[in-house]
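Observations on the three-dimensional arrangement
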Amino acid sequence: TPRDIATSAEELLAFQAHFDSLFARQEQRDWFRFYMCGQLSNLDRKTVEPMVLALLGVNESAIRTAQHFLGQALWETEPFLEHAQDLVAEWLGEPDGVVIVDGSGFPKQGTHSVGVGRQYCGHVGKVANCQEGVFILYSSRRGYAFLDKRLYILEDWFTADYCDRWKACGIPETLSFHTEPELGLEMITALVERAVLPFRWVTCDARYGEIPAFLDGIAALGKWYFAEVAVDTRVWRRTPPVEPPGRSLLGRPRTHPRVKRTAPRPYEMRELVTQVPAAQWHRYIIKEGSRGPLAAEFACMRVTPIRDELPGQRCWAIFRRTLGPQSEVKFFLSNAPTTCTLQEFVRVSGLRWPIETGLEEGKGEVGMDQYETRSWLGWQHHMT
């Protein structure tokens, strides 16, 4: 209704006012509001020129000024993201909240956009010419919201062949190469160090779950991970004995510890699931979907993961099996304590959808993937 529209406009202005003090000049505040309104509009293409034409009319000067605000103006994004995190903590925060980390691709034409290159793009489901962003999102019983972002720069961009493009895009000279899991851990570490947002869990898909350094980094922060892992991830049912460095019967002395040769071999997760007794599978409703409740069967057991061919810290292996004749099994590892219940694993397993929904809504409704800026600064501004 007209009243609903008026109320939403008032609420949007009130929300934007939270960030007014972070701009040095009124002109920047005005363009900030303008760009947000353009992203929330019903335009088919939410880039600067269509926004100006639709909202301000034919105005070449306004187009240039808006493009400068987005791609070149010197306003830092970190204060905005930190203040947004403060609001998320106030409005959505819960002690057992969940931080979800995931990547998303942005298909691009040409070779001039910052960080662009041929890499796997989940948006199109294949290797394509794209940019890749890493995002973290907060989820609780009270709602969900994005928290932070990083642009993944391919390792090729750190070679001499890309020197001209590096400078043209304005990439900071101090930037060093980081993998996507390293970027995710960097953002989560910053959250913990700020100590503003309450959360207990970190969840991720197998792209991050297969990286031991990422999982161990989450554990070192005092958080519990619930990480999907590949079917061939190897674990021991029981922690095997380890031989310390020392003399060997044949050859040179050992300089590193090793698992005793008499120890049982580790199992792949797909092998391990076949050893779960039927009585240990329990059916739960994960969440209410658009077509009714989404249910699956769950089981879990304690295992010992492999770390550099040696036993790591004991953890949980969790199995989620879909219902029906063509059932599919998903595999997870978690460092949650032994007191953690299967019901809690079920709850957390159903909380990966917010980041998928958030990315879908971002790209489908507010122009997350509709930008023409090619610079490092422009990407940071747009995503913020």
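Everything discussed here concerns the structure shown above.
Just so it is clear, the structure is predicted and the values come from calculations on it, not from any experiment.

**Description of helix α13 (residues 376-383)**
Counting buried residues in α13 gives seven out of eight residues, a clear majority hidden from the surface. Listed in full, the buried residues belonging to α13 are Trp376, Gly378, Trp379, Gln380, His381, His382 and Met383. On its buried face, α13 is in contact with α2 (26-39), α4 (60-71), β1 (98-107), β3 (126-140), β4 (143-152) and α6 (163-169). One side-chain oxygen at the N-terminal end of α13 lies 2.9 Å from the backbone nitrogen of Gly378; it belongs to Ser375.

**Concerning helix α3 (residues 48-55)**
Looking only at α3, the buried set comprises Val48, Met51 and Val52. Seen from one end, α3 has its buried residues packed into an arc of 95 degrees, which puts them on one side. Remark: Gly57 follows α3 within two positions and exhibits a positive phi of approximately 90 degrees.

**What about the pairing of strand β6 (residues 224-229)?**
By the criterion of burial, β6 is predominantly enclosed, with five of the six residues buried. Across four bridges, the pairing between strand β5 (residues 201-204) and β6 is parallel. Paired with Cys204 across the bridge in β6 is Ala227. Sheet topology note: the β6/strand β15 (residues 329-334) ladder contains four bridges and is antiparallel. By the bridge assignment, Phe226 is partnered in β15 with Ser334.

**Quick word on the packing of α4 against α13**
Close contact between α4 and α13 brings their axes to 7 Å; oriented N to C, the two are set at 90 degrees. Compared by their axis directions, α4 and α13 come out roughly perpendicular. Across the interface between the two elements, Phe69, Leu70 and Gly71 of α4 pack against Leu377, Gly378, His381 and His382 of α13. For the contact of α4 with α13, a count of residues per class yields three nonpolar, four polar and no charged.

**Considering the packing of aromatic side chains**
Using the criterion set out here, one finds 30 aromatic pairs in the structure. Judged by centre distance (6.4 Å) and plane angle (45 degrees), the rings of Phe15 and Trp91 are tilted. One end of the pair, Phe15, is in helix α1 (residues 2-17); the other, Trp91, is in helix α5 (residues 78-92), with 76 residues separating them in the sequence. The ring of Trp316 has Arg302 lying over it, and the distance from NZ or CZ to the ring centre is 5.0 Å.

**Quick look at empty space enclosed by the protein**
Within the structure shown, the criterion is met by one cavity of 30 Å³ or more. Put simply, the largest cavity is a space of about 30 Å³. Contributing to the lining of the largest cavity are Thr203, Cys204, Phe226, Phe332, Val348, Ser349 and Arg352. Sorting the residues of the lining of the largest cavity by element identifies β5 and α11 (342-349) as the ones contributing at least two each. Here the residues of the lining of the largest cavity sort into four nonpolar, two polar and one charged.

**Focus on the nonpolar core**
Of all hydrophobic cores here, the largest spans 78 residues; its most connected members are Val99, Trp157, Phe214, Met269, Phe319, Leu333 and Phe345. Of all the elements, strand β12 (residues 292-307) adds the most residues to this core, at six residues. If we ignore the near neighbours within four places in the chain, the residues touching Phe345 are Trp201, Phe226, Trp316, Ile318, Ser334, Ala336 and Cys340. By size, the runner-up hydrophobic cluster in this structure holds 18 residues, among which are Trp31, Val48, Leu70 and Leu87.

**Quick notes on the side chain of Gln16**
Residue placement: Gln16 occurs in helix α1. Exposure remark for Gln16: the relative accessible area of 0% places this residue in the buried category. Residues in contact with Gln16, not counting those within four places in the same chain, are Phe32, Arg33 and Met36.

About the cut-offs
Residues numbered from 1 in each chain as written. Predicted model: local features only at pLDDT ≥ 70, side-chain atom pairs only at ≥ 80, totals over all residues. Heavy atoms only, no water. Buried < 20%, exposed > 50% of the residue type's maximum accessible area, 1.4 Å probe, protein only. Helix = DSSP H or I, 4+ residues; strand = E, 2+ residues; numbered from the N terminus. Contact = heavy atoms within 4.5 Å. Polar contact = N/O pair within 3.5 Å; in protein donor to acceptor, adjacent residues only side chain to side chain. Arc of directions from axis to C-beta. Pairing = 2+ DSSP bridges. Axes fitted to C-alpha atoms, helices over the stretch in contact; angles between N-to-C directions. Parallel < 35°, antiparallel > 145°, perpendicular 65-115°, else oblique. Nonpolar A, V, L, I, M, F, W, Y, C, P; charged D, E, K, R; others polar. Phe/Tyr/Trp six-rings, centres within 6.5 Å; stacked < 30°, edge-to-face > 60°. Lys NZ or Arg CZ within 6 Å of the ring centre and 35° of its normal. 1 Å grid on protein atoms, 1.4 Å probe; cavity = no way out; pocket = protein on both sides within 12 Å on 5 of 7 lines; lining within 4 Å. Points joined across faces, edges and corners; volume = space filled by probe spheres on them. Core = buried A, V, L, I, M, F, W, Y, C linked by side-chain atoms within 4.5 Å.

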